[in-house]
There are 2 protein chains.
Amino acid sequence: MTAQPFHGVLVPVLTPFTAGGEPDAGRFAAYCRFLLNQGAGGLAIFGTTSEANSMSPGERMVLLDRLVEAGIPAGKLMPGTGACAVTDAAMLVRHAVEHGCGGVLMLPPFYYKPVSDDGIFAFISNVIDNAGSAALRIYLYHIPPVAVVGYSLDLVGRLITAYPQTVVGLKDSSGDWSNTAALLERHPGFAVFPGSEVFLLEALRKGGAGCITATGNINVPGIAKLYQNWQGPQADALQEAVTTVRKTMQAYPMVPALKRVVAHFRDDPGWAAVRPPLVPLDRAQSAALIADLGRIGFALGEPRQRAAAE
Amino acid sequence: MTAQPFHGVLVPVLTPFTAGGEPDAGRFAAYCRFLLNQGAGGLAIFGTTSEANSMSPGERMVLLDRLVEAGIPAGKLMPGTGACAVTDAAMLVRHAVEHGCGGVLMLPPFYYKPVSDDGIFAFISNVIDNAGSAALRIYLYHIPPVAVVGYSLDLVGRLITAYPQTVVGLKDSSGDWSNTAALLERHPGFAVFPGSEVFLLEALRKGGAGCITATGNINVPGIAKLYQNWQGPQADALQEAVTTVRKTMQAYPMVPALKRVVAHFRDDPGWAAVRPPLVPLDRAQSAALIADLGRIGFALGEPRQRAAAE
C-alpha cells in the first residue's frame with residue numbers, strides 16, 4: 001500500500017453558479033480557499049454535493065483549470081472523475097493527473113443496472129491503463145443510495161489486489177456502518193472515509209482516514225476539531241455536536257439546503273442557485289432551515305456549538 | 001398535437017465497436033441501412049440498447065454526423081439525447097435538430113435520486129428553450145428499471161400541456177402495462193411506444209403508435225408484420241411469434257446477447273464487442289443462446305417463425 005495523500009475532513013465542495021446558470025469559477029476558488037483555511041484536509045471537488053454530474057466533462061475540466069490558476073494547491077484536490085462513459089472517465093482522470101491532483105474520486109459507471117463486478121472491474125482497469133501514470137491515486141466512490149451501482153466488498157478487494165499502488169482508498173456513502181467496518185477490517189492501510197461525519201469517531205477508532213462529507217461545506221471547524229481530538233476526553237461530546245448539525249441539515253434536501261446556508265451566512269443570495277434537476281429551497285423551507293440552525297447555535301465559520309463541547 | 005413523424009417498429013440500434021473499442025461508424029451505417037431495408041419505421045439510435053451512455057457526447061455526435069454523411073435519412077432518426085448534465089443534453093439536442101432528425105428520445109437526468117417532477121420539468125424546459133427550434137420533436141424516454149428516475153403520469157401531462165408542439169410522444173420501457181394503458185387513455189394523439197413488442201398488439205388496440213424495442217435489432221420483419229396486420233385474423237398468432245423471440249432473448253443479458261446474435265448471423269465476430277461496464281456473453285452462454293434460437297426456428301433477416309404464423 002502506498003503513502004496516503006489525504007486524511008482528515010475532506011469537503012465535496014459546492015459548485016456556485018452564475019445568474020445565467022454557468023459554473024462560477026471566481027466564487028468557487030474563493031470558497032475552496034475558505035475551506036482550506038478552515039482546516040479542510042482536502043477538497044473532493046466534483047462530488048455528488050458539487051452537482052458534478054449536472055456539469056459536462058468540459059465544464060468540470062475548465063473549473064479545475066481555473067482553481068489551479070487561482071493558486072489552490074493541486075495536491076489538496078481529489079476531483080470526482082466518474083462518468084457513465086469510459087472515454088469521459090478516462091479523459092477526466094488524465095486531466096486530473098496532468099494537474100498533479102492528489103487523487104481522484106471514482107464513481108462506478110452508473111447507467112446500467114444491474115451491472116456485474118467484472119464489468120466495473122473492466123471499466124476501472126481501462127481508465128487506469130489509459131492514464132498510464134504511476135502518480136494516479138484512485139479513491140473509489142461508493143454511494144449506492146444515489147448511483148445505485150456500487151463497489152461490492154469483493155470487487156474492492158479485487159481492485160486493491162490488482163492495483164495496490166493506484167486504488168488506495170474509498171469514500172463510503174452507503175450509510176451502512178457494517179460495510180464501512182468490513183472495509184476497515186479487511187484492508188488495513190487502505191484509506192476509508194465514511195461519507196458522513198456521523199460515523200467519524202467510530203471510523204477513526206477502527207483506523208479510518210477521516211471523512212468526506214457534504215456538511216463539511218458548512219462545518220469544517222467542528223468536524224476537524226473532532227478529527228484532531230478523537231482520542232481525547234471530549235471526543236464523544238465533539239461527535240455529538242457535529243452529529244447535531246448533520247441531522248439538522250438532513251431534514252432538508254441536502255445540496256439546496258447547504259447552498260442556502262452558504263448564501264445566508266455569506267449574505268450572497270446568488271450562492272443558492274442549483275442546476276436542474278435539483279431545485280432550490282422555497283422561501284418557507286429556507287426560513288425554517290435558518291431557524292433550525294439558529295436553535296442549535298450554528299453559524300458558518302464560527303460554529304458556536306463547539307464552545308459548548310469545549 | 002402535431003403530426004407524428006414516427007410509427008411502426010423503431011429500433012434502438014446496437015452500436016458496433018472496433019477491436020480497439022472505438023465506435024465503428026462503417027459497420028453502424030451499414031446496419032442502420034439493413035434495418036431500414038427490413039422495414040424499420042425509424043431508428044432510435046443512442047438508446048440503452050445502443051450503449052449510448054457508454055459513449056461520450058462527442059462520440060455520439062460524430063457517429064450521427066457519419067450516419068447522415070453515409071446517406072441514412074435524418075428524418076428516420078430519433079437519437080437519444082439524454083444526459084445527466086443539462087448542458088450535455090442541450091448540446092446533443094441542438095446537434096440533432098441541426099441535422100434535421102425526425103425527433104429525439106430524452107432520458108430524464110438520471111444521477112440524482114430522488115428527484116422532483118419540478119426538477120425534471122425544469123431540465124426539459126431548459127433543453128427546449130436552449131434549442132429554440134419549432135422543428136424539435138421530443139419523445140420522452142421512460143425506463144425506470146435502468147434509469148431509476150422516470151417520468152410520472154402527472155409530469156408527462158404537465159410537459160404535454162406546456163409544450164404541445166414539442167413533447168409529442170413517449171417510449172414506455174417501464175414494463176408496466178398499466179402505465180402504458182394510462183398514457184394511451186389520457187393523451188389521444190400523443191405517440192406512445194411500448195419498449196417491448198410483447199405489448200405491441202395490446203398497445204395498437206388502444207391507439208399506440210408502434211413500439212421501440214431492443215429485439216427490433218434482430219426481428220424487424222416479424223414485428224413489422226404484426227404491426228401491419230394487427231387488425232387481421234392472424235394478429236394473435238403474429239404476436240405470439242414475436243413474443244417467443246423476445247422471451248428467448250430475455251433469458252440472457254439483452255445487449256451482449258443481441259450483439260452475439262448479430263455476430264453469429266453476419267459471421268462477423270467483431271460485432272459481439274461491448275464497452276464496459278457491459279461484458280460479452282461467454283462461450284457457453286453464446287452457444288446456449290444460438291441453440292435456443294435454433295429451437296424456435298429463428299434466423300436473422302429471415303425469421304422462419306413468420307412462416308408458421310402465416
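Computed from a prediction, not measured in an experiment: that's the story for all the values here.

Reading the values: rules and limits
- Residues numbered from 1 in each chain as written.
- Chains lettered and ligands numbered in written order.
- Predicted model: local features only at pLDDT ≥ 70, side-chain atom pairs only at ≥ 80, totals over all residues.
- Heavy atoms only, no water.
- Helix = DSSP H or I, 4+ residues; strand = E, 2+ residues; numbered from the N terminus.
- Rg over C-alpha atoms; globule rule 2.2 N^0.38 Å.
- Buried < 20%, exposed > 50% of the residue type's maximum accessible area, 1.4 Å probe, protein only.
- Areas by Shrake-Rupley, 256 points an atom, 1.4 Å probe, with all protein chains shown as cover.
- Lys, Arg positive; Asp, Glu negative; His and termini not counted.
- Charge placed at Lys NZ, Arg CZ, Asp CG, Glu CD.
- Pairing = 2+ DSSP bridges.
- Axes fitted to C-alpha atoms, helices over the stretch in contact; angles between N-to-C directions.
- Polar contact = N/O pair within 3.5 Å; in protein donor to acceptor, adjacent residues only side chain to side chain.
- Salt bridge = Lys/Arg side-chain N within 4 Å of Asp/Glu carboxyl O.
- Least-squares fit on C-alpha atoms with pLDDT ≥ 70 in both.
- Contact = heavy atoms within 4.5 Å.
- Phe/Tyr/Trp six-rings, centres within 6.5 Å; stacked < 30°, edge-to-face > 60°.
- Buried area = accessible area lost by both parts, 1.4 Å probe.
- Nonpolar A, V, L, I, M, F, W, Y, C, P; charged D, E, K, R; others polar.
- Parallel < 35°, antiparallel > 145°, perpendicular 65-115°, else oblique.
- Left-handed = near helix turned anticlockwise from the far one by under 90°.
- Right-handed = clockwise from strand over helix to strand, strands pointing away.
- pLDDT = per-residue confidence, 0-100.

K.L.:
What is the right way to look at the overall build of chain A in this model?
P.N.:
If you tally the helices and strands in chain A, you get 13 helices and seven strands. Computed over C-alpha atoms, the radius of gyration of chain A comes to 18 Å, within 12% of the 19 Å expected from 2.2 N^0.38 for 310 residues, which places it in the range of a compact globule. Taking the principal axes of the C-alpha coordinates as reference, chain A spans close to 50 × 50 × 40 Å. Here chain A holds 310 residues, and the buried ones make up 63% of them. Summed over all atoms, the accessible surface of chain A reaches about 10800 Å², with 52% contributed by carbon and sulfur. A gap of 3 Å separates the mean positions of the 24 positive and 25 negative side-chain charges of chain A.

K.L.:
I would appreciate a short explanation of the sheet that holds strand E6 (residues 191–194) of chain A in the present structure.
P.N.:
As a general point, the strands of a sheet are linked pairwise by backbone hydrogen bonds and lie either parallel or antiparallel. Residue and element names in this part refer to chain A. Strands sit in the order E3-E4-E5-E6 across an open sheet of four strands; the sheet is parallel. The open sheet has two free edges, formed respectively by strand E3 (104–106) and E6, since each of these has just one partner strand. Neighbouring strand axes in the sheet, compared pairwise and without regard to direction, differ in orientation by 25° on average. Sheet analysis places strand E4 (residues 138–142) next to strand E5 (residues 167–172), joined by five bridges and oriented parallel. Paired with histidine 142 across the strands is aspartate 172, a residue of E5.

K.L.:
Would you take a moment to explain the side chain of threonine 243 of chain B for this structure?
P.N.:
Tracing the backbone shows threonine 243 of chain B in helix H10 (residues 235–250). In this structure the side chain of threonine 243 of chain B is engaged in a polar contact, spanning 2.9 Å, whose partner is the backbone oxygen of glutamine 239 of chain B.

K.L.:
What exactly am I supposed to notice about the pattern of salt bridges here?
P.N.:
Where charged atoms from two side chains of opposite charge come close, those side chains can pair. All names here are of chain A. On inspection of all chains with the given rule, the structure shows 18 salt bridges over all chains. The shortest N-O distance in the salt bridge between aspartate 24 and arginine 27 comes to 2.8 Å. Take arginine 27: its relative accessible area is 23%, and that puts it in the partly exposed class. Of the charged contacts, one joins arginine 205 and aspartate 236 as a salt bridge, the two residues approaching to 3.7 Å between their closest N and O atoms. Separated by 31 residues along the polypeptide, arginine 205 in helix H8 (residues 200–205) and aspartate 236 in helix H10 (residues 235–250) bring together distant segments of the chain. Shared partners join several salt bridges into a network, and the residues in it are Asp24, Arg27 and Asp268.

K.L.:
Any chance you could explain the relation of the copies chain A and chain B here in plain terms?
P.N.:
One chain copy maps onto the other through a rotation about an axis and a shift parallel to that axis. Laying chain A over chain B is done by rotating through 180° and shifting 0.0 Å along the axis; what remains is an RMSD of 0.0 Å. The symmetry that links the two subunits is that of a two-fold axis. When the interface residues of chain A are mapped onto chain B, 100% of them are again interface residues, pointing to one common binding face.

K.L.:
Is there a simple way to explain the packing of aromatic side chains in this structure?
P.N.:
Within a pair of aromatic rings, the relevant descriptors are the distance that separates the centres and the angle that separates the planes. All names here are of chain A. Summed over the entire model, instances satisfying the criterion amount to 21 aromatic pairs over all chains. Here the aromatic rings of tyrosine 139 and phenylalanine 193 are separated by 6.2 Å at their centres, their planes lie at 65°, and the arrangement is edge-to-face. On the criterion of sequence distance, the pair formed by tyrosine 139 in strand E4 and phenylalanine 193 in strand E6 is long-range, its members being 54 residues apart. A relative accessible area of 0% places tyrosine 139 in the buried class.

K.L.:
Could you clarify how one ought to interpret the interface of chain A and chain B in this entry?
P.N.:
Often the size quoted for an interface is simply the accessible area lost on bringing the parts together. Taken together, the contact pairs 39 residues of chain A with 39 residues of chain B. Taken as a group, Tyr111, Tyr112 and Pro277 of chain A account for 27% of the area that chain A buries against chain B, more than any other trio of residues on that side. The tally of links between chain A and chain B comes to zero salt bridges. The interface formed by chain A and chain B contains 12 residue pairs in polar contact (both at pLDDT 80 or more). Going through the elements one at a time, helix H2 (57–69), helix H3 (86–98), helix H4 (117–131) and helix H5 (144–147) of chain A are the ones with two or more residues in the side of chain A that touches chain B. Here the residues of the side of chain A that touches chain B sort into 25 nonpolar, eight polar and six charged.

K.L.:
Sorry, what's going on with the packing of helix H6 (residues 153–162) of chain A against helix H7 (residues 177–186) of chain A here?
P.N.:
To characterise two packed helices, one gives the angle between the axes of the helices and the distance between these axes. All names here are of chain A. Where H6 meets H7, the axes come as close as 11 Å, and the angle between the chain directions of the two elements is 30°. When the axis of H6 is compared with that of H7, the two are roughly parallel. For the crossing formed where H6 meets H7, the hand is right-handed. Taken together, the residues of H7 that come into contact with H6 (itself represented by Leu153, Asp154 and Val156) are Asn179, Ala182, Leu183 and Arg186. Tallied by class, residues from the contact of H6 with H7 come to four nonpolar, one polar and two charged.

K.L.:
I keep staring at the pairing of strand E4 (residues 138–142) of chain B and nothing clicks. Help me out?
P.N.:
A regular strand places its side chains so that they alternate between the two faces of the sheet. Residues and elements named next belong to chain B. Within E4, five of the five residues are buried, which leaves it mostly tucked inside the rest of the structure. On E4, burial covers both faces: Ile138, Leu140 and His142 on one face and Tyr139 and Tyr141 on the other are all buried. In this sheet, E4 lies alongside strand E3 (residues 104–106) in parallel orientation, the contact comprising three bridges. The residue bridging methionine 106 from the neighbouring strand is leucine 140, located in E4. Crossover handedness for the path E3 to helix H4 (residues 117–131) to E4: right-handed.

K.L.:
Just checking my understanding: could you explain the environment of leucine 278 of chain A for this structure?
P.N.:
In this structure, leucine 278 of chain A sits in the loop between helix H11 (254–265) and helix H12 (283–295). Each C-alpha atom of the pair leucine 278 of chain A and leucine 36 of chain A lies 27 Å from the other, and the pair is 242 residues apart in sequence. When residues no more than four places from it in sequence are discounted, the contact partners of leucine 278 of chain A are Glu51 and Val255 of chain A together with Tyr112 of chain B.

K.L.:
I'm lost on the environment of valine 274 of chain A in this one. Help?
P.N.:
Turning to its location among the elements, valine 274 of chain A is positioned in the loop between H11 and H12. Once residues lying within four places of it in the same chain are set aside, the contact partners of valine 274 of chain A are Phe17, Glu51, Pro256, Lys259, Val279 and Pro280 of chain A.

K.L.:
Would you take a moment to explain the confidence of the model for chain A for this structure?
P.N.:
Low pLDDT means the predicted coordinates in that region are not meant to be read closely. Residue and element names in this part refer to chain A. Predicted confidence across chain A gives a mean pLDDT of 95, with 96% of residues reaching 70 or more. Under a pLDDT of 50 for its full length, residues 302–310 has, in the predicted model, 22 contacts with residues more than four places off or in other chains. Here the predicted complex carries an ipTM of 0.94, next to a pTM of 0.95.

K.L.:
What should I look at first to understand the environment of serine 152 of chain B in this one?
P.N.:
All names here are of chain B. Secondary-structure assignment places serine 152 in the loop between helix H5 (144–147) and helix H6 (153–162). The exposure class of serine 152 is partly exposed, given its relative accessible area of 27%. At 3.0 Å, the side chain of serine 152 and the backbone nitrogen of leucine 155 are in polar contact.

K.L.:
Just checking my understanding: could you explain the sheet that holds strand E7 (residues 210–212) of chain B for this structure?
P.N.:
Residues and elements named next belong to chain B. The parallel open sheet is built from three strands, whose spatial order is E2-E1-E7. Because the sheet does not close on itself, it has two edges, and the strands there are strand E2 (42–43) and E7. In this sheet, E7 lies alongside strand E1 (residues 8–11) in parallel orientation, the contact comprising three bridges. Bridge assignment links valine 9 to a residue of E7, and that residue is cysteine 211. Relative to the sheet, helix H9 (residues 216–228) contacts E1 and E7, its axis offset from that of E1 by approximately 170°.

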